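Commentary on secondary and tertiary structure
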Amino acid sequence: MVEQTGRSRIVPRKPLIARNRRSVATQVFVLELVVVVLLVLGAILAQVLQSRRSSDTEAKNRSIAVAETFAHSPGLLAALKSPDPSAILQPITEATRKVAGVDFIVVMNDQGIRYTHPLPSEIGQRFVGTIGPSLHGQVYTESVHGPLGHEVQATVPVFAPDGSIPALVSAGLRVNNVTAADNRQLPLILGTGAAAVVVATTGTALIARRVKRQTRGMDPGELARMYEHHNAVLHAVREGVVIVGQDGQLLLANDEARELLGLPAQAEGRHLGDIEGLTPETTELLLSGRAVTDELLQVGGRLIAVNQRPTDPHSRAMGTVATIRDSTELLALSGKAEVAGRRLALLYEAGVGIGTTLDVERTAQELARVAVPGFADFVTVDLADPVLQGDEPTGGAVNLRRTAVHGIRDDHPFYPRGRLTAFIPSSPMARGFDSGRSQVLPDLAVAHGWQAQDPEWAGHIMDFGVHTLITTPLKARGIILGVVNFWRSQKPEPFDDDDRSLAEELVARAAVSIDNARRYTREHAMAVTLQRSLLPRALPEQSALQVAHRYLPAQSGVSGDWFDVIPLPGSRVALVVGDVVGHGLHAAATMGRLRTAVHNFSALDVPPDELLGYLDELVNRIDQEEADSGAGTGVTGATCLYAIYDPTSRLCTIATAGHPPPALVEPDGTVVFPDLPTGPPLGASGMPYETTQVQLAEGTQIVLYTDGLIEERTRDFDVGMDLLRTALSHRDRGPEENCRAVLDALLPEHPQDDVALLIARTRVLGPDRVAECDVRSDPAAVADIRAWSAATLDEWGLEELSFATELALSELVTNAIRYGSEPVRVRLLRDRSLILEVSDGSNTSPHLTYAASTDEGGRGLFLVAQLTEHWGTRYTPHGKVIWAEQAFPASVRSLGPQRHEPPHAVPLPSS
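Residues numbered from 1 in each chain as written. Predicted model: local features only at pLDDT ≥ 70, side-chain atom pairs only at ≥ 80, totals over all residues. Heavy atoms only, no water.

Focus on the overall build of the chain
Of the regular secondary structure elements, the chain holds 24 helices and 31 strands. Every one of the 911 residues in the chain was classed for burial, and the buried ones make up 43%. Restricting the contact set of the chain to residue pairs at least 6 apart, pairs at least 24 apart contribute 61%. Here the chain has roughly 46300 Å² of accessible surface; of this, 55% comes from carbon and sulfur atoms. (Helix = DSSP H or I, 4+ residues; strand = E, 2+ residues; numbered from the N terminus. Buried < 20%, exposed > 50% of the residue type's maximum accessible area, 1.4 Å probe, protein only. Contact = heavy atoms within 4.5 Å. Areas by Shrake-Rupley, 256 points an atom, 1.4 Å probe, with all protein chains shown as cover.)

Digging into a negative patch on the surface
Taken together, Asp794, Glu795, Glu799 and Glu800 make up a surface patch of like negative charges. Relative to the elements of secondary structure, Glu800 occurs in the loop between helix H22 (781-796) and helix H23 (802-819). (Patch = residues over 30% accessible without salt bridge, like charges linked within 9 Å, V, L, I, M, F, W, Y side chains within 5 Å. Salt bridge = Lys/Arg side-chain N within 4 Å of Asp/Glu carboxyl O. Lys, Arg positive; Asp, Glu negative; His and termini not counted. Charge placed at Lys NZ, Arg CZ, Asp CG, Glu CD.)

Focus: the layout of surface pockets
Here the largest pocket is characterised by a volume of approximately 1100 Å³. Lining the largest pocket are 38 residues; nearest its centre among them are Arg874, Tyr875, Thr876, Pro877 and Val881. Of all the elements in the fold, those that place two or more residues in the lining of the largest pocket are helix H18 (608-629), strand S19 (638-646), strand S20 (651-657), strand S28 (824-830), strand S29 (834-840), strand S30 (870-876) and strand S31 (879-886). The greatest single-element share of the lining of the largest pocket, amounting to 5 residues, is contributed by S30. Residues that form the lining of the largest pocket fall into these classes: 15 nonpolar, 12 polar and 11 charged. (1 Å grid on protein atoms, 1.4 Å probe; cavity = no way out; pocket = protein on both sides within 12 Å on 5 of 7 lines; lining within 4 Å. Points joined across faces, edges and corners; volume = space filled by probe spheres on them. Nonpolar A, V, L, I, M, F, W, Y, C, P; charged D, E, K, R; others polar.)

Focus: the pattern of salt bridges
Considering all chains together, one arrives at 33 salt bridges under this definition. We note a salt bridge from Glu94 to Arg97, for which the minimum N-O separation is 2.9 Å. On the criterion of helical spacing, the pair formed by Glu94 and Arg97 is a turn pair, its members being 3 residues apart in helix H4 (residues 85-100). Arg97 carries the same exposure label as Glu94, and that label is buried.

As for the sheet that holds strand S11 (residues 399-407)
Taken in spatial order, the 6 strands line up as S12-S11-S10-S15-S14-S13 in an open sheet, and their pairing is antiparallel. Either end of the sheet is taken by a strand with one partner, and the two such strands are strand S12 (420-422) and strand S13 (439-441). Pairwise comparison of adjacent strand axes, ignoring direction, gives a mean angle of 25° for this sheet. In this structure, S11 lies alongside S12, joined through 3 bridges in antiparallel fashion. Within the sheet, the bridge partner assigned to Arg401 lies in S12 and is Leu420. Taken strand by strand, helix H11 (residues 360-371) contacts strand S10 (378-384), S11 and strand S15 (479-488), and its axis lies near 45° from that of S11. (Pairing = 2+ DSSP bridges. Axes fitted to C-alpha atoms, helices over the stretch in contact; angles between N-to-C directions.)

Overview of the sheet that holds strand S3 (residues 149-158)
Reading across from one edge, S1-S4-S3-S2 is the order of the 4 strands in this open sheet, with antiparallel pairing throughout. Two strands in the sheet have a free side with no partner beyond their single neighbour: strand S1 (104-109) and strand S2 (140-146). Averaged over all pairs of adjacent strands, the angle between strand axes in this sheet comes to 30°, irrespective of strand direction. Relative to S3, S2 runs antiparallel, the two sharing 7 bridges. Bridging across to S3, Glu142 finds its partner in Gln153.

With respect to the environment of Asp744
With respect to the secondary-structure elements, Asp744 resides in helix H21 (residues 735-746). C-alpha separation for the pair Asp744 and Ala727, spaced 17 residues apart in sequence, amounts to 8.8 Å.

Description of empty space enclosed by the protein
Within the structure shown, the criterion is met by 2 cavities of 30 Å³ or more. Along the walls of the largest cavity sit Phe104, Val106, Arg114, His117, Phe127, Val128, Pro147, Glu151 and Gln153, which together make up its complete lining. Of all elements in the fold, only S1 and S3 reach the threshold of two or more residues within the lining of the largest cavity. For the lining of the largest cavity, the class distribution of residues is 5 nonpolar, 2 polar and 2 charged.

Examining the packing of H22 against H23
For the pair H22 and H23, interaxial distance at closest approach is 9 Å and the crossing angle is 145°. For the pair H22 and H23, the sense of crossing is right-handed. Residues Val782, Ile785, Arg786, Ser789, Ala790, Leu793 and Asp794 of H22 form the contact with H23, whose own contacting residues are Ser802, Thr805, Glu806, Leu807, Leu809, Ser810, Val813, Thr814 and Ile817. Taken together, the residues that form the contact of H22 with H23 break down as 8 nonpolar, 5 polar and 3 charged. (Left-handed = near helix turned anticlockwise from the far one by under 90°.)

Digging into the packing of helix H20 (residues 717-728) against H21
Running from N to C, H20 and H21 cross one another at 145°; their axes reach a closest spacing of 9 Å. By crossing handedness, the relation of H20 to H21 is classed as right-handed. Mapping the contact onto sequence places Gly720, Leu723, Leu724, Ala727 and Leu728 in H20 and Asn738, Ala741, Val742, Ala745 and Leu746 in H21. For the contact of H20 with H21, a count of residues per class yields 8 nonpolar, 2 polar and no charged.

Here we look at the pairing of strand S9 (residues 320-326)
Sheet topology places strand S5 (residues 240-244) next to S9; 5 bridges connect them, and they run antiparallel. Across the sheet, residue Gly240 finds its bridge partner in S9, namely Ile324. Pairing between strand S8 (residues 302-310) and S9: 7 bridges, direction antiparallel. Note that in S9 the partner of Ile304 across the bridge is Asp326.

Quick word on helix H15 (residues 455-463)
One turn of an α-helix holds 3.6 residues; hence residues three or four places apart share an orientation. Along H15, the positions that sit buried rather than exposed are Trp457, Ala458 and Ile461. Each buried residue of H15 lies within a common arc of 100° when the element is viewed along its axis, so the set occupies one face. Along H15, exposed side chains directed more than 90 degrees from the buried face belong to Pro455, Glu456 and Asp463. Gly465 occupies a position one or two residues after H15 and carries a positive phi of about 105°. (Arc of directions from axis to C-beta.)

Notes on the environment of Ala422
When you line up the elements, Ala422 lands in strand S12. In this structure, the C-alpha to C-alpha distance between Ala422 and Asn399, residues 23 residues apart in sequence, is 4.3 Å. The contacts of Ala422, once residues within four sequence positions are left out, are Val398, Asn399 and Gln453.

What about the side chain of Asp831?
Secondary-structure assignment places Asp831 in the loop between S28 and S29. For Asp831, a relative accessible area of 8% gives the class buried.

Let's talk about the packing of aromatic side chains
For the structure on display, the rule yields 9 aromatic pairs. With a centroid separation of 5.8 Å and an interplanar angle of 65°, the aromatic rings of Phe378 and Phe464 are classed as edge-to-face. With Phe378 in strand S10 and Phe464 in the loop between H15 and strand S14 (468-476), the pair connects residues that are 86 residues apart, well separated along the chain. Note that Arg419 overlies the ring of Tyr415, its terminal NZ or CZ placed 3.7 Å from the centroid. Its end group placed over the ring of Phe375, Arg488 keeps NZ or CZ at 5.6 Å from the ring centre. (Phe/Tyr/Trp six-rings, centres within 6.5 Å; stacked < 30°, edge-to-face > 60°. Lys NZ or Arg CZ within 6 Å of the ring centre and 35° of its normal.)

Overview of the nonpolar core
Ranked by size, the top nonpolar core spans 57 residues in total, and within it Trp450, Phe486 and Trp487 carry the most contacts. Residues Leu535, Ala638, Tyr645 and Leu682 belong to the second largest nonpolar core, which totals 51 residues. (Core = buried A, V, L, I, M, F, W, Y, C linked by side-chain atoms within 4.5 Å.)

As for the side chain of Asp561
Tracing the backbone shows Asp561 in strand S17 (residues 559-567). Asp561 gets classed as buried once you look at its relative accessible area, which sits at 0%. Here Thr706 takes part through its side chain, which lies 3.0 Å from a polar atom of the side chain of Asp561. (Polar contact = N/O pair within 3.5 Å; in protein donor to acceptor, adjacent residues only side chain to side chain.)

Focus on the confidence of the model for the chain
Looking at the chain, the pLDDT average stands at 81 and 80% of residues meet or exceed 70. Across the chain, the element-wise mean pLDDT spans from 36 in helix H1 (residues 2-10) up to 96 in strand S25 (residues 701-705). Segment residues 1-24 is flagged for pLDDT under 50; beyond a separation of four residues in sequence, or across chains, it makes 3 contacts in the model. A low-confidence stretch, residues 851-857 (pLDDT under 50), is modelled with 5 contacts involving residues beyond four sequence positions or located in other chains. (pLDDT = per-residue confidence, 0-100.)

A word on unusual backbone geometry
Among all residues except glycine, the phi angle is most often negative; among peptide bonds, the trans geometry is most common. Between Val372 and Pro373 the backbone carries a cis peptide bond, its omega angle lying at 0°. Mapping Pro373 onto the fold places it in the loop between H11 and S10. The phi angle at Asp294 is positive, at roughly 50°, despite the residue not being glycine. Positionally, Asp294 belongs in strand S7 (residues 292-299). Despite not being glycine, Ser571 shows a phi value in the positive range, around 65°. By the element assignment, Ser571 lies in the loop between S17 and strand S18 (573-583). Its relative accessible area of 7% is what places Ser571 among the buried residues.

Put into C-alpha cells, the structure is as follows:
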C-alpha cells in the first residue's frame, strides 16, 4: 500500500506542473495579444490622422506650385497689359487647371478683381480671400468658402521687371475633393491594420513557442541559478566587462573592469559622468555609444584596449557593452615600432631623394636635406678635395672641404660651405676619416678632443644649443671619401648606438651615390677634355671672313659636334660644321678622326663635293674595320656641311651631307635659307654629293649650326627654323651679337644635345689688292710678266719682294707655257701675304724634284720652293692653278681686310 500510495502522490505532480506552465504561457500569450491589438489600433488611428494631414499638406503644396508656375510663365505680363486680359488668360488658365489637377486658377489685379475663373460669371468679381500678404511679395495659403465651396487656396504675387506687383495668381482645391481622397485611402488603412493584427498575433505565438523552446521549459528558480553561474563567470574572467544603459548609467562592471578603470565600490547605478576616477577620454567613449574595435586609451600608467558594441545594434535602445583588456606591454612595443617605422621611412626617403643627379655637391646636399629634421637638427658634409674633382683621396693629412650644410635654421654656427679645414688628429672628423668607424659624442661639453680643433668655434656651437654629434665616414668600395656630421640641438636626447647604426646605413646609401657621381665627374671631365682638345682652340688668322662661334656641350655628356675655319690658298676660307650621332667618348673620338680627315683633305684643295666623298669613304672604312674587329661601335651616323668662300669672286661653294642648311643674313637683315641638294649622311649610301654656288654681297653673314640648336623635344623642326630666322632678322648686328641673340632665343634651359654655332661675315678682296693679266703662249712673254709684276709691286709698296717675285713668276709662267695649255693667266693677291697664281688649261701636275749636277733643267720648282714660304697646286673645272705665297718684309705692315678704292690700272709693258 505504501508503494502504491507513493506512486499516487508522485505520479500526478508532473501533469500538474505541466498544466501550471501551460496556464502561465497561455496567460502571457493572451496578455501579449491584447497589447498587440491595442498597438495596432493605435497605429491605424495615427495612420488615418497622418494620411489626412499629408493630404492637406499635399493640397497646399500643389496649389503653391501651380500658382507660382503660372505667375512666372512667359507672356503673362504682356497679357495683363492688353486691352482685354480675360480674353487671353481665361482659356489658358482652364487648360492649365485641367493638366495640373487643381480645381481653379484665378488671375486678378492688385485690387483683387478677377480676370479668370472656372465659373465665367465670377470674372470681374472680387476675389474671395486675403490678398494683403501677397501684395507685399509673400506666398499666402488659406481655407475659405468661395464660389466653388469650401476651398484650400494659395495666392502668389506677379512681379514686374521693376519689382512692382501688378497682379496676383491664386490656385487651389476644394476641401471635399481632398477629403474624398482621404476616404479612398481608409479601406486600405483598415485592411493594412487587420493584416498587421494577424501578423502580430502569429508572430507573438511563434515568439512564445521560441522562448519556451530556448528556455527549455525552465522555471524561474532554474533561471535564477543559471544567472548566478553566469555572474560568477563574468567576474572570474581576466577581461573587463562594462554594461552602460541608454541613460548613461553604469549597469554592470565586473572585477577586472573595476581594477583597470579604478572604479569605486558603489559604481553601479550611477551616471558615468558622476563616477570618480574615470578619465574624460574613457567617459566620453563609454557614453558615446559608438562601435569601436581595439581603441587604445591611456588610464593612469596603463594602456587599455576597448571594444564596444551597442546591445541593440539597430536602435541602441538597450545601451552598450564594452570589453576592456590591459595592453600596457603593447605601449613599449608600439613605441619601438614607431621608432622603427620612422627609421624605415627615413631610409626610404634617402633611397628616393639621394642620388637624383650625377653631381657630387648636389648629392651631398641631398643627404643633408634627407636627414633634417627626422634624424638630426643639422648636418654637415666634408669631402676630400680630390673627390670634388672626380679623383680618389690621396695623402695622409685630413684636409676636408665643407660641401654641404643644412639644418632647421639658416643662421647655423658651423663652418661655411666651401671652406677647406685641416682637422687635427683628436677631432672626431679625423678619427672617423682615418679609422673608417663612426664616432659618437653623446655630450659635446665633455668632448675635449673635439673642442681642441677650434675652441672658439666649439664654444659658439655649444652656445647655439648643439649638444651631441655623430661623425660617420663616407666609405664606398673601401675608399673613404669624407665624413658626415649629424648634430642635435632642439632634440634633447643624445645620440646612442641605435642612432649610430641608422647614421651608418643612411651614409652608406649616400656614399654609393657620391662615389658614382665622383666617377662620373672624372669620366665626364676626361671626355670634355678630350673633346675640347679636338675642337679648335683658336681660329686661324684670315682676311676673308669675320668669324664668331659658340660651342655648348649637353648636360648629359659630351657629343660629336664640331666646327672649323680652314684657310685655303688664294685667300679663300673653308667653313666646316659637323655632327656625330651619340654621346660619350666614342662620339668625341669619332669627331676627332673626322675633323682631322677634313683638315687633311682640305690640304688637297679639292671641291666640297669631292671632300665629302672622301669623308664618306673614310666613315665606311671605319665601320668595316670595327665590324671586322667585333667592337660593334662603328659610326652610327654623321653629318657634315663644307663651304668655301672666295673673297675675290664673292662666290660661296657649299655641299652638305645630311646636315641642316646654312642661313644667309644679308646686309639689310633679310634671312635666306638657300635651297641645297641635301646629300645622304656620311657612310649611309656611297652616293655622290653635289655642290651649289651662291654669290654673296659683301657683309653677308653665313650661319652654320648643328641640329642641337634647332631640334628640341618641345617644338617641331620648322618652329626652330622660324625662331632662328626671327633671331637673325636684324640689320647692323655683327656675328658676336647674332651668336648671343640666337642662343638666347633657341637654346633650352637644359640642352639635351651639343650645340655648335659658327657665324662668319664676308669681306671682299677689292680690285686694289688684286692684279691679273693674260699671258701669250710665247716664251718671250715671260719678260713682259716680269716687268708687269715689278710695276704692280711698286704700286703696292712691295719693292723689296720684286726680285723673288719676278724669279718665281718666270719659272711658273715658263712651265705653264712649255708643259701646259692655253689660256695662261697670272694673278697677284695682296692679302696677309703676297700670293702668286699662275693658271693654265691642263691637268698635269708639276712635282718638286732634285736635279742632278749634269741636268740642264728640273730646278724651276726647287727655286720657287726656296724663294716662297708655301706653294702648291689646285685643280679647277677648267685646268689647274699653281700658287705660291711670300711673306711681307718686316718693314711692310700687314694690310688689313678693309676695302680700298681701286687704284688706276697698272698696264703691261708693250712687247
